[in-house]
Amino acid sequence: MNLVHPIYLYLLLAIPVLLVLFMLARFSRRRKLQRFGRLHIIEHLMPEASKYKPWIKIITQLIAVACLVLIIVRPQYGEQENKKYVPRGIEVMFAVDLSKSMLASSTSDHNGVSRLDRTKMVMDKIIDRMSGNKIGMVVFAGDAHLKMTLTTDFWMLRDFINDLSTDDIPYQGTDIGQALSLCAEQFTPDDPDHKKAIILLTDAEDLMGDAMQAAESLSNEDIQINVIGLGSDPGSQIPINYEKNQFLIDPTTGKIVTTAIDAEMAANLAKAGKGVYV
């Protein structure tokens, strides 16, 4: 038998202490009753006072304390071969698009969940399945910034994800190539035991730089690039004020801007990175 927390066995010493305190209390009660007369006469005047119930109660409580201590100590039975824990060795970098188009609805409904909010929900679900691995995050628009280095502290990572905003990147555009390169710099270098992957979350619209060349280059370094596309084919408008129902207007045409996912580009990026497109 193996005890996980044997130190807590000392708590069992509380059982005889409690028993002694109970007996002292019973003795003190008996002494007080004797002041009023002979006990066998007084007991007839107290028919509802049981001699046995207090003992049954204290014994039940002491057994409960003993069981609680055993639960805390966590005894384990059986033989088990000692095995060294070997982590799965997966390192994943999120590359999150924070261009203004990510404020648009993720569906054809203009009032639907925004692409950015949908991104946060997807990332949260992925993190739930990544126990024992490392995750980091890069955010990008016209340029890219490291938001979180590779970590196993998923609680802190979730805090960073919840705080993501398109205001984090003032320079607009969609420079996926720069984001991919910055993600690649965070991986453990020259370590074949660690699988490396980038999860790109974007609408793949208004691309800057050579994203395709960056994806192909990283795939040759055994870094897989998976793409999660956000948005709809019909497209949706970019809100700038929900309360006033105002949307982004193209200054050259004076018309409301409609943004749609470039599904073909997103799929080609995944193909070039030897990953999958969702």
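Residues numbered from 1 in each chain as written. Predicted model: local features only at pLDDT ≥ 70, side-chain atom pairs only at ≥ 80, totals over all residues. Heavy atoms only, no water.

Along the chain, the position of alanine 184 falls in helix H6 (residues 176-184). When the C-alpha positions of alanine 184 and methionine 93 are compared, they lie 8.1 Å apart, and in sequence the two are 91 residues distant. With near-sequence residues (within four places) excluded, alanine 184 lies in contact with Ile198, Leu218 and Ile223. (Helix = DSSP H or I, 4+ residues; strand = E, 2+ residues; numbered from the N terminus. Contact = heavy atoms within 4.5 Å.)

This structure, assessed with the given rule, holds five salt bridges. Arginine 115 is paired through a salt bridge with aspartate 203; the nearest N and O atoms lie 2.9 Å apart. Placement of arginine 115 in helix H4 (residues 115-128) and of aspartate 203 in the loop between strand E6 (195-202) and helix H7 (211-219) is noted, with a sequence separation of 88 residues between them. Like arginine 115, the residue aspartate 203 is buried in the burial classification. For aspartate 124, the salt bridge identified is with arginine 158, shortest N-O distance 2.6 Å. (Salt bridge = Lys/Arg side-chain N within 4 Å of Asp/Glu carboxyl O. Buried < 20%, exposed > 50% of the residue type's maximum accessible area, 1.4 Å probe, protein only.)

Right, let's get into the pairing of strand E3 (residues 90-97). Among the eight residues that make up E3, seven are buried, leaving the element largely enclosed by the rest of the structure. Judged from the seven bridges that link them, E3 and E6 form a sheet pairing that is parallel. Pairing of valine 96 across the sheet is with leucine 201, part of E6. Both E3 and strand E4 (residues 134-140) contribute to a ladder of seven bridges, which runs parallel. Paired with alanine 95 across the bridge in E4 is valine 138. Read from E3 through H4 to E4, the crossover connection turns out right-handed. (Pairing = 2+ DSSP bridges. Right-handed = clockwise from strand over helix to strand, strands pointing away.)

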